[in-house]
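Structural overview
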Amino acid sequence: MPKLKTNRGAAKRFKRTATGRFKRAQSHHNHILTKKSPKRKRQLRKTALIADADVRAVRRLLPYA
């Protein structure tokens, strides 16, 4: 069977955790930061796990992750 190509855009956005789930960065932390509260900006720094509904799609994009 031929090798599968990894989606390079997805490879830069998602990393696999030790338990096999995928983590991602949070959105809305790049611009227009003046109107956002310090608490909101601080919480957006943290990584989040992708939703269970999206795991199948991400696995397809990252076959060797």
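The rules behind these values
Residues numbered from 1 in each chain as written. Predicted model: local features only at pLDDT ≥ 70, side-chain atom pairs only at ≥ 80, totals over all residues. Heavy atoms only, no water. Helix = DSSP H or I, 4+ residues; strand = E, 2+ residues; numbered from the N terminus. Buried < 20%, exposed > 50% of the residue type's maximum accessible area, 1.4 Å probe, protein only. Contact = heavy atoms within 4.5 Å. Areas by Shrake-Rupley, 256 points an atom, 1.4 Å probe, with all protein chains shown as cover. Pairing = 2+ DSSP bridges. Patch = residues over 30% accessible without salt bridge, like charges linked within 9 Å, V, L, I, M, F, W, Y side chains within 5 Å. Salt bridge = Lys/Arg side-chain N within 4 Å of Asp/Glu carboxyl O. Lys, Arg positive; Asp, Glu negative; His and termini not counted. Charge placed at Lys NZ, Arg CZ, Asp CG, Glu CD.

This part covers the overall build of the protein chain. Helix and strand counts for the protein chain stand at three helices and three strands. Listing the helices and strands of the protein chain from first to last along the sequence gives α-β-β-α-β-α. For the protein chain, the spread of C-alpha atoms along the three principal axes comes to 50 × 25 × 20 Å. Looking at the protein chain residue by residue over its 65 residues, the buried ones come to 17%. Considering only residue pairs separated by 6 or more positions, the protein chain has 59% of its internal contacts joining residues 24 or more positions apart. Accessible area of the protein chain: about 5,800 Å², with a carbon and sulfur share of 53%.

Another point: unusual backbone geometry. Phi at His28 takes a positive value of approximately 70 degrees, unusual for a residue other than glycine. For His28, the position within the fold is in the loop between strand 2 (22-24) and helix 2 (38-44). His28 sits in the exposed class, given a relative accessible area of 56%. Residue Ile32 is not a glycine yet carries a positive backbone phi of 50 degrees. Along the chain, Ile32 turns up in the loop between strand 2 and helix 2.

Taken in spatial order, the three strands of this open sheet run 1-2-3, and their pairing is antiparallel. For this open sheet the edge positions go to strand 1 (15-16) and strand 3 (48-49), each flanked by a neighbour on one side alone. Sheet analysis places strand 2 next to strand 3, joined by two bridges and oriented antiparallel. Note that in strand 3 the partner of Arg24 across the bridge is Ala48.

Here we take up a positive patch on the surface. The grouping of Arg8, Lys12, Arg13, Lys15 and Lys23 at the surface amounts to a positive patch. In terms of residues, the positive patch owes the most to one element, helix 1 (residues 8-13), which gives three residues.

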